[in-house]
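Each chain, letter by letter, is given below.
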Amino acid sequence: MGGSRPVPGVSGTVASSMSRRAMGQPRRITDSFPRRRQRGPGRPPGRLKDKDKDKAQVKPKVRDCPRATSQRPPDPALLEMLRRFDLCWEYGPCTGITRLQRWERAQALGLSPPGPVRDALLEHRDNPDVTYSLWHEYEL
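What you see is a predicted model, and the numbers here were worked out from it, not measured in a lab. (Residues numbered from 1 in each chain as written. Predicted model: local features only at pLDDT ≥ 70, side-chain atom pairs only at ≥ 80, totals over all residues. Heavy atoms only, no water.)

Q: Tell me about the overall build of the chain, and please be specific about residues and values.
A: When helices and strands are counted, the chain shows six helices and zero strands. Mapped in sequence order, the helices and strands of the chain form the string α-α-α-α-α-α. Counting over 140 residues, the chain shows a buried share of 23%. Long-range contacts, defined as pairs at least 24 residues apart, comprise 50% of the intrachain contacts of the chain with a sequence gap of at least 6. (Helix = DSSP H or I, 4+ residues; strand = E, 2+ residues; numbered from the N terminus. Buried < 20%, exposed > 50% of the residue type's maximum accessible area, 1.4 Å probe, protein only. Contact = heavy atoms within 4.5 Å.)

Now the structure itself:
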């Protein structure tokens, strides 16, 4: 009793699971799935197919944002304060709306957003670096 005999018209996986059942061994979950062919010659491991290369080179969708060339860049301390406001999730999501709209929504909900943020947003209302959140360029 060396091994299982091939059954005509039955694949090797099914035959091996049949022989296991005949011998009283439990079926394995892998017995239900066909075996994959091994890598053929000329295809080194890890090489992508042509259609997979397109997926690997996908770039995120980014909107063009208006940039005012005549405006000087805002103070780095101001941008850091606004960045912290963007990253603070207790005031709700910030995608799809301006920072001032987010501040006003948080105020209406009674979340007490920081007053200096609103003051800075009103003072630099025409500057897109101040008006829009960190993620405004990304589509929803």
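There is more to say after this.
Q: Explain the pattern of salt bridges to me, and be specific about the residues and the numbers.
A: Here the structure, examined in full by the defined rule, presents three salt bridges. In this structure, the salt-bridge partner of Glu 80 is Arg 83, at a minimum N-O distance of 2.8 Å. In this pair, Glu 80 and Arg 83 are both assigned in helix α3 (residues 76-87), three residues apart and thus about one turn of the helix distant. Overall, Glu 80 belongs to the partly exposed group, its relative accessible area being 28%. Each of Glu 80, Arg 83 and Arg 84 takes part in one network of salt bridges that share partners. (Salt bridge = Lys/Arg side-chain N within 4 Å of Asp/Glu carboxyl O.)

Q: Describe in detail the packing of α3 against helix α5 (residues 115-123), supporting the description with residues and values.
A: It is at 10 Å that the axes of α3 and α5 come closest, and there the two elements cross at 120 degrees. Viewed along their axes, α3 and α5 adopt a mutual orientation that is oblique. Remark: the crossing between α3 and α5 carries left-handed chirality. Seen from α3, the contacting residues are Leu 78, Met 81, Leu 82 and Phe 85; seen from α5, they are Pro 116, Val 117, Ala 120 and Leu 121. Classifying every residue of the contact of α3 with α5 gives eight nonpolar, no polar and no charged. (Axes fitted to C-alpha atoms, helices over the stretch in contact; angles between N-to-C directions. Parallel < 35°, antiparallel > 145°, perpendicular 65-115°, else oblique. Left-handed = near helix turned anticlockwise from the far one by under 90°. Nonpolar A, V, L, I, M, F, W, Y, C, P; charged D, E, K, R; others polar.)

Q: Quick one: what's the story with the packing of aromatic side chains, residue by residue and with numbers?
A: Under the definition given, this model contains two aromatic pairs. In this structure, Arg 102 packs its charged tip against the face of Phe 85, placed 4.7 Å from the ring centre. (Phe/Tyr/Trp six-rings, centres within 6.5 Å; stacked < 30°, edge-to-face > 60°. Lys NZ or Arg CZ within 6 Å of the ring centre and 35° of its normal.)

Q: Tell me about unusual backbone geometry, and name the residues and values.
A: Phi is positive for Ser 112, which is not a glycine, with a value near 50 degrees. By secondary structure assignment, the location of Ser 112 is in the loop between α4 (99-108) and α5.

Q: So what about the packing of α3 against α4? Which residues, and what values?
A: Contact geometry of α3 with α4 gives a least axis separation of 11 Å together with a crossing angle of 55 degrees. Between α3 and α4, the angle is such that the two are oblique. Here α3 and α4 pass one another in a crossing that is left-handed. Contact with α3, carried on its side by Leu 82, Arg 83, Phe 85 and Asp 86, involves Arg 99, Arg 102 and Trp 103 of α4 and no other residues of that element. Here the residues of the contact of α3 with α4 sort into three nonpolar, no polar and four charged.

Q: Run through the confidence of the model for the chain, naming residues and quoting values.
A: Fine structural detail should not be taken from predicted coordinates in areas where pLDDT scores are low. Per-residue confidence for the chain gives a mean pLDDT of 76; residues scoring 70 or more make up 58%. Within the chain, α4 carries the highest mean pLDDT (96), whereas helix α2 (residues 50-56) carries the lowest (53). (pLDDT = per-residue confidence, 0-100.)

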